[in-house]
Amino acid sequence: MHKIVSYSTASKTLSLQEKVGQLFMPAAFINDSEEEIQALEKLIKEQHIGSLCFFHSRASAATNFESATKVIPNTESFTVLKALIKRYQKASKTPLLISIDAEWGLAMRIENTPQYPYAITLGAIENETDLIFEVGKNIANDCKVAGIHWNLAPVIDVNNNPKNPVIGYRSFGNNKVDVTQKATYFLEGIKSEGILTSVKHFPGHGDTETDSHLDLPLIHKTKEELLQNEIYPFIQLIKKGVDSVMIGHLNVPALSGGKQISSSISKEIITDLLRKELGYNGVIISDALNMHAVSKNHTTQGELEWLAFEAGNDVLCFAENPIEGIQLIVKNASPEHIEKSFQRIWALKEKAFSNNTTNLTLSNAENLNAKIAKNSICFYNGNATKIANFKQRSFIALSIGDTKNQTFFKELESIKIATNKDDVKNYDAVLLAIYPRKVKPKNNFDFTQKELDFIQQLVATKNVVIYIFGNPYVLNVLNIEKANTVVLAHQNFDSFQQVAAAHFLGKIQAKGRLPFQTK
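Here's a quick rundown of the structure. (Residues numbered from 1 in each chain as written. Predicted model: local features only at pLDDT ≥ 70, side-chain atom pairs only at ≥ 80, totals over all residues. Heavy atoms only, no water.)

Let us look at the nonpolar core. In terms of nonpolar packing, the biggest core is built from 131 residues, with Phe54, Trp150, Phe408 and Leu431 touching the most fellow members. Ranked by the residues each element gives to this core, the list is headed by helix α7 (residues 130-146), at eight residues. (Core = buried A, V, L, I, M, F, W, Y, C linked by side-chain atoms within 4.5 Å. Buried < 20%, exposed > 50% of the residue type's maximum accessible area, 1.4 Å probe, protein only. Helix = DSSP H or I, 4+ residues; strand = E, 2+ residues; numbered from the N terminus.)

Given below as structure tokens:
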């Protein structure tokens, strides 16, 4: 791979068009065909592309995934990823910055790689915050093993709308101070391994009920309200220094001068607010420009890329029309504007490639996940005494949802397990394990209405202790406030189910806390 030259050398040797190419970050897909791979190599070489963002496949990219396009598994995806990075680097005149969304590890995009808990699980940790640092550090280690320089994480949105369809579990919670604190530890962990980061999604995607992959969310709050809450984590973390800020696709009239426009193409929000008012001087990157919140309103090829750059974005992520976008920016933008953005992205490259250490081994998630499980498990209602009294009764265990992995019941060994819902009729007490089928709340986490009605009836008529293994926002659809006790285990990993079993048996205490308010 080529060595990175200094900014002064690059500025003198690259043409204006080559500098604009450095601002583009097209998507790269692990499951691409050889023809598609060669097309991207050609684009990199001819348009002097500066960076790539990796996804598993074209079908898994969110705007396609929501349409139920079939995602084909690839057990060799990590090996393919490393090979593709080498190919694309070889095709480039200057070193490419390689990025990925690894909010909870490479496993967010890549099969058979270490997976760490979601941000909402980390948000439930009350005391052992060094565990969050370790998560960031381990994820950064895995990025280095793969050849990735830039983790487009963490999400620092304050998730203050429990019906949020796209942030939710990706946020550390609904308290701005907690979000800022947890994000700080996560960022420091990533930085300790020399990996670049990006805080997202400015000016705050927490209070929305619309998925910006599909449509443009509207936020009605005043500027004062946003500065005091949603923008608070950005203000605090900018003061501490962040590599980049990602701009979300959000319609925020209070910040855009009353315009009905996406924040990702709003000069008032990016240049006037983030740059001038908040004093941020680092790299600004757009959220994916293929997302329907903006792409469906700008069908002229290159127009969206130009508008995003004109508004103040330095890096154009998932730009679908880079050739036309480069042409329009060269034609319309001032050389001074181009040079400033080029200088910022080149500074990131110099930082990324100054770290010459190579990591060869992926992290071991199991031990760290077990520690996080012990420190995040928490009561939604009830307490340890109620569980102890419950165990004195004759009870039956039942699971509902995605029940392929029932480590929880296996760890309890001698309990009686129901084979179907009818088995609970002769019991007054039920130990219920709930496994949400989906992590997103769409379609009630894929629970049927019949299942939800059954759970509600069970809680109303019997003595029920519930353990939930999955996105805790499922509480908003379950109606289980009257249950004897509800315990949030947060994840369905083996380690989390083992900890939940130890908790039920009274061997450990619940140390975590609920990281948000329900309903």
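A grouping of Glu366, Glu411, Glu413 and Asp494 is seen on the molecular surface, where their side chains present a negatively charged patch. Following the sequence through the fold, glutamate 411 ends up in helix α18 (residues 407-412). Given a relative accessible area of 38%, glutamate 411 falls into the partly exposed group. (Patch = residues over 30% accessible without salt bridge, like charges linked within 9 Å, V, L, I, M, F, W, Y side chains within 5 Å. Areas by Shrake-Rupley, 256 points an atom, 1.4 Å probe, with all protein chains shown as cover. Salt bridge = Lys/Arg side-chain N within 4 Å of Asp/Glu carboxyl O. Lys, Arg positive; Asp, Glu negative; His and termini not counted. Charge placed at Lys NZ, Arg CZ, Asp CG, Glu CD.)

Looking now at the pairing of strand β11 (residues 395-401). Of all seven residues making up β11, seven are buried, and the element is well covered by its neighbours. Where the polypeptide runs from β11 across α18 and back to strand β12 (residues 429-435), its parallel neighbour, the crossover connection is left-handed. (Right-handed = clockwise from strand over helix to strand, strands pointing away.)

Turning to the sheet that holds strand β4 (residues 97-100), a few remarks are in order. Read from one edge of the open sheet, four strands run β2-β3-β4-β5, paired in parallel fashion. Sheet topology places β2 (27-29) and β5 (150-151) at the edges, where each strand pairs with a single neighbour. Bridge count between strand β3 (residues 51-55) and β4: four bridges; the pairing is parallel. In the strand pairing of β4, serine 51 is matched with leucine 97. (Pairing = 2+ DSSP bridges.)

Note on placement: lysine 19 falls in helix α2 (residues 16-21). According to the relative accessible area criterion, lysine 19 is buried, its value standing at 7%. Sequence-distant contacts of lysine 19, that is, excluding residues within four places in its chain, are made with Ala10, Ser11, Leu14, Ile338, Glu339 and Phe342. (Contact = heavy atoms within 4.5 Å.)

Applying the stated rule across the entire model yields 21 aromatic pairs. Where phenylalanine 54 meets tyrosine 88, the ring centres are 6.2 Å apart and the plane angle is 40°; that geometry is what we call tilted. Of this pair, phenylalanine 54 sits in strand β3 while tyrosine 88 sits in helix α5 (residues 77-91), and the two are 34 residues apart along the sequence. The same class applies to phenylalanine 54 as to tyrosine 88, namely buried. Between phenylalanine 202 and phenylalanine 234, the aromatic rings sit 5.2 Å apart at their centres with planes inclined by 90°, giving edge-to-face as the arrangement. Placement of the pair is phenylalanine 202 in strand β6 (residues 199-202) and phenylalanine 234 in helix α10 (residues 232-240), with a sequence separation of 32 residues. Every member of this aromatic cluster is reached through a ring pair, and the members are Phe390, Phe395, Phe408, Phe409, Tyr435, Tyr467, Phe469 and Phe504. Between lysine 391 and the ring centre of phenylalanine 504, over which it is positioned, the NZ or CZ distance is 5.6 Å. Stacked on the ring of phenylalanine 454, the Lys or Arg lysine 421 has its end atom at 5.7 Å from the ring centre. (Phe/Tyr/Trp six-rings, centres within 6.5 Å; stacked < 30°, edge-to-face > 60°. Lys NZ or Arg CZ within 6 Å of the ring centre and 35° of its normal.)

On to the pattern of salt bridges. By the definition in use, this model includes 28 salt bridges. Here glutamate 46 makes a salt bridge to lysine 42, at a shortest N to O gap of 3.1 Å. Taken together, the residues glutamate 46 and lysine 42, both in helix α3 (residues 34-47) and four residues apart, mark about one turn of the helix. When its relative accessible area of 44% is taken as the criterion, glutamate 46 is described as partly exposed. Since its relative accessible area comes to 49%, lysine 42 is described here as partly exposed. Between aspartate 207 and lysine 221 there is a salt bridge, with the nearest N and O atoms lying 3.1 Å from each other. With aspartate 207 in the loop between β6 and α9 (223-228) and lysine 221 in the loop between β6 and α9, this residue pair connects regions lying 14 residues apart in the sequence. Taking relative accessible area as the criterion, aspartate 207 reaches 23% and is therefore assigned partly exposed.

Moving on, we get to unusual backbone geometry. Each neighbour pair has its own omega, and for alanine 153 with proline 154 the value is 10°, a cis peptide bond. Of the consecutive residues lysine 200 and histidine 201, the connecting peptide bond is found in the cis state with omega at 10°. Tracing the backbone through its elements, the reader meets histidine 201 in strand β6. Phi is positive for asparagine 443, which is not a glycine, with a value near 55°. Its place among the elements puts asparagine 443 in helix α19 (residues 442-445). Judged by relative accessible area, which is 54%, asparagine 443 ranks as exposed. Phi is positive for asparagine 479, which is not a glycine, with a value near 55°. By the element assignment, asparagine 479 lies in the loop between α21 (475-478) and β14 (485-488). Classification of asparagine 479 by relative accessible area gives partly exposed; the value is 34%.

Taken in spatial order, the three strands of this open sheet run β6-β7-β8, and their pairing is parallel. At either end of the open sheet lies a strand with only one pairing partner, and these are β6 and β8 (283-286). On average, each strand axis in the sheet is inclined to that of its neighbour by 30°, with strand direction left out of account. One ladder, built from two bridges, connects β6 with strand β7 (residues 244-247); its direction is parallel. The residue of β7 that forms the bridge with phenylalanine 202 is isoleucine 247. (Axes fitted to C-alpha atoms, helices over the stretch in contact; angles between N-to-C directions.)

When you line up the elements, valine 283 lands in strand β8. If near-sequence neighbours (up to four positions away) are discounted, valine 283 is found in contact with Trp150, Asp243, Ser244, Val245, Asp314, Val315, Arg344, Ile345 and Leu348.

To continue, consider the environment of alanine 311. Within the secondary structure, alanine 311 sits in helix α13 (residues 303-311). Once the C-alpha coordinates of alanine 311 and lysine 267 are considered, the two residues, 44 residues apart in sequence, prove to be 4.0 Å apart. Ignoring sequence-local partners within four residues, the contact set of alanine 311 consists of Ser264, Ile265, Ser266, Lys267, Ile270 and Thr271.

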